[in-house]
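Listed below, chain by chain, are the residues.
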Amino acid sequence: MTTINKNYLKLQGNYLFAEVARRVRAYKEENPKANVISLGIGDVTRPLAPAVIEALHKAVDEMADAATFRGYGPEQGYAFLREAIVNTIYKPRKAEVAADEIFVSDGAKSDCGNLQEIFGTDNTIAITDPVYPVYLDTNVMAGRTGFFDEATGMFDKVVYMPCTAENDFLPQIPQKHVDIIYLCCPNNPTGTTLSRVQLKAWVDYAKKEKAIILYDAAYAYYITEEDVPHTIFEIEGARDVAIEFRSFSKTAGFTGMRCGYTVVPKTVFGMTPDGTKKSLNEMWNRRHTTKFNGTAYIIQRAAEAVLTEKGQQQIKETIAYYMNNAKVIRQGLSDMGMKYYGGVNAPYIWLRTPEGMSSWEFFDKLLHEADIVGTPGSGFGPSGEGYFRLTAFGDAKATVEAVERMKTRLKL
Ligand code: MLT
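Concerning the pattern of salt bridges
Right, on to step 1. Going through the model one piece at a time under the given rule, you end up with 21 salt bridges.
Right, on to step 2. The salt bridge involving K200 is made with D204; its shortest N-O contact spans 2.7 Å. Here K200 pairs with D204, and both are found in helix α6 (residues 196-209), just 4 residues apart, close to one helical turn.
Right, on to step 3. As a salt-bridge pair, K365 and E369 come within 3.0 Å of each other at their nearest N and O atoms. Linking K365 with E369, this pair stays in helix α11 (residues 359-370), spanning 4 residues, or about one helical turn.

Digging into the site of the ligand
Right, on to step 1. The immediate surroundings of the ligand are formed by F17, I41, G42, K109, Y132, N188, K250, Y348 and R389.
Right, on to step 2. Between G42 and the ligand, the recorded distance is 2.6 Å, taken from a backbone N or O atom to an oxygen atom.
Right, on to step 3. One nitrogen or oxygen atom from the side chain of K250 is found 2.9 Å from an oxygen atom belonging to the ligand.
Right, on to step 4. In isolation the ligand offers 260 Å² of accessible surface; the protein chains occlude 85% of this area.
Right, on to step 5. Across the shell around the ligand, the residue classes tally to 4 nonpolar, 2 polar and 3 charged.

Some details on helix α2 (residues 50-63)
Right, on to step 1. The terminal C-alpha atoms of α2 lie 20 Å apart, and with 14 residues this matches the ideal 20 Å at 1.5 Å per residue to within 8%.
Right, on to step 2. Those residues of α2 lying buried are A51, V52, A55, L56, A59 and E62. Buried residues of α2 fall within an arc of 135° about the axis and therefore sit on the same side. Exposed residues pointing more than 90 degrees away from the buried face of α2 are listed as P50, E54, H57 and D61.

Focus on the sheet that holds strand β2 (residues 102-105)
Right, on to step 1. Here 7 strands make up an open sheet; going across it, the order is β2-β10-β9-β8-β7-β3-β6 and the pairing mixed. In the strand order of this sheet, the two ends are held by β2 and β6 (159-162), each with one partner. In this sheet, adjacent strand axes meet at a mean angle of 20° when their direction is disregarded.
Right, on to step 2. Summarising the sheet, strand β8 (residues 212-216) and strand β9 (residues 242-247) pair through 4 bridges and their orientation is parallel. When the sheet's bridge partners are listed, L214 is paired in β9 with I243.
Right, on to step 3. The strands that helix α8 (residues 280-291) touches are β2, β8 and β9; relative to β2, the one it contacts most, it runs at about 25°.

Considerations on the nonpolar core
Right, on to step 1. With 103 residues, the main nonpolar core has I181, I213 and F254 as its most contacted residues.
Right, on to step 2. If near-sequence neighbours (up to four positions away) are discounted, F254 is found in contact with L48, V52, F248, S249, C259, I299, A302, A303 and V306.
Right, on to step 3. By size, the runner-up hydrophobic cluster in this structure holds 30 residues, among which are I125, F155, F245 and V264.

Criteria and cut-off values
- Residues numbered from 1 in each chain as written.
- Predicted model: local features only at pLDDT ≥ 70, side-chain atom pairs only at ≥ 80, totals over all residues.
- Heavy atoms only, no water.
- Salt bridge = Lys/Arg side-chain N within 4 Å of Asp/Glu carboxyl O.
- Helix = DSSP H or I, 4+ residues; strand = E, 2+ residues; numbered from the N terminus.
- Near = heavy atom within 4 Å.
- Polar contact = N/O pair within 3.5 Å; in protein donor to acceptor, adjacent residues only side chain to side chain.
- Areas by Shrake-Rupley, 256 points an atom, 1.4 Å probe, with all protein chains shown as cover.
- Nonpolar A, V, L, I, M, F, W, Y, C, P; charged D, E, K, R; others polar.
- Expected span 1.5 Å × (residues − 1).
- Buried < 20%, exposed > 50% of the residue type's maximum accessible area, 1.4 Å probe, protein only.
- Arc of directions from axis to C-beta.
- Pairing = 2+ DSSP bridges.
- Axes fitted to C-alpha atoms, helices over the stretch in contact; angles between N-to-C directions.
- Contact = heavy atoms within 4.5 Å.
- Core = buried A, V, L, I, M, F, W, Y, C linked by side-chain atoms within 4.5 Å.

What follows is the structure in structure tokens.
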């Protein structure tokens with residue numbers, strides 16, 4: 001019989017959000033009248049910006065006309081989008097990124113899951129704990145993580161960097177050598193950030209260790225505080241050690257449209273078995289052109305519209321709407337005397353579960369007593385135990401209602 005990739009046997013349970021969805025479905029079946037409000041998966045609820053809709057219509061019309069119809073596009077993305085990204089995202093921040101260092105894709109989740117393929121399975125990875133599950137699970141699938149220790153809830157070859165209230169959610173630079181470091185700022189799930197000085201320390205460490213930083217900046221548009229970098233390429237030296245993932249999902253409501261991109265500078269290198277340097281830009285280009293046939297033309301035109309002046313103004317209004325939800329949630333939690341973090345530079349609020357409850361116990365309590373869905377912190381890693389994530393991506397009225405229910409229905 002055909003054998004399987006045995007690394008899959010090491011994956012822990014279901015993918016977190018699939019497990020949350022499974023439990024919510026079961027609850028709704030048992031309680032068909034319950035009006036469940038989801039503050040769980042970070043999925044957007046506001047419609048696309050008018051500039052995006054206009055661009056979509058125009059692109060659809062082009063596809064209907066033989067003179068402007070397009071088939072396969074460049075796998076790396078059309079030049080119009082790659083150049084718009086350089087001009088709107090990177091140039092204003094004086095971050096040196098060239099259009100041919102950008103690879104457009106169907107979203108940052110695919111990119112941050114797939115990119116590890118170009119690295120050897122003998123590399124050591126460092127991840128924050130808690131962490132966006134995709135980083136770890138895709139390395140488990142590739143066999144880069146060693147065995148799972150039931151007692152600690154950790155893989156033996158992975159360097160976990162605990163981020164808890166005790167260390168202000170700051171990942172500590174490892175004492176030993178690691179090869180690949182995953183950083184997400186603003187952070188999912190904790191909603192916390194690194195300052196420029198703190199990020200510079202990571203860049204310096206990566207240089208010293210000849211390591212690569214995989215930097216997820218999917219939430220950069222939610223930054224409100226001055227000292228938080230909007231891209232790792234603002235940091236001196238980052239071009240030699242970092243790869244950056246970005247997305248239009250949370251930025252412009254593209255979760256159902258699918259468009260993201262990855263920046264692989266031509267100045268980052270890996271090493272071949274005989275010790276020669278190999279360009280990671282070339283390797284990712286090889287992988288991308290082999291396994292991906294490009295993001296849909298109409299979606300790329302829509303993404304281009306996000307990057308126009310009108311588009312930028314419109315998406316910033318939507319982001320302000322979500323950040324107002326974050327404020328409502330924070331205020332509600334303060335009124336309830338609960339401890340929470342984040343929600344200032346990110347659409348996520350990370351709260352401490354009350355009275356020492358486990359994350360899943362609090363998940364059940366919130367669902368059963370208040371018909372509210374959140375995400376259990378332990379699903380993001382062992383250090384997430386005792387924490388819980390709420391998102392600000394909901395409808396404004398439903399968010400107010402959810403906070404009211406927490407205040408009045410939760411038996412604490
Ligand atoms: C989340 O809730 O963490 C995100 O929606 C997951 C994702 O972006 O894939």
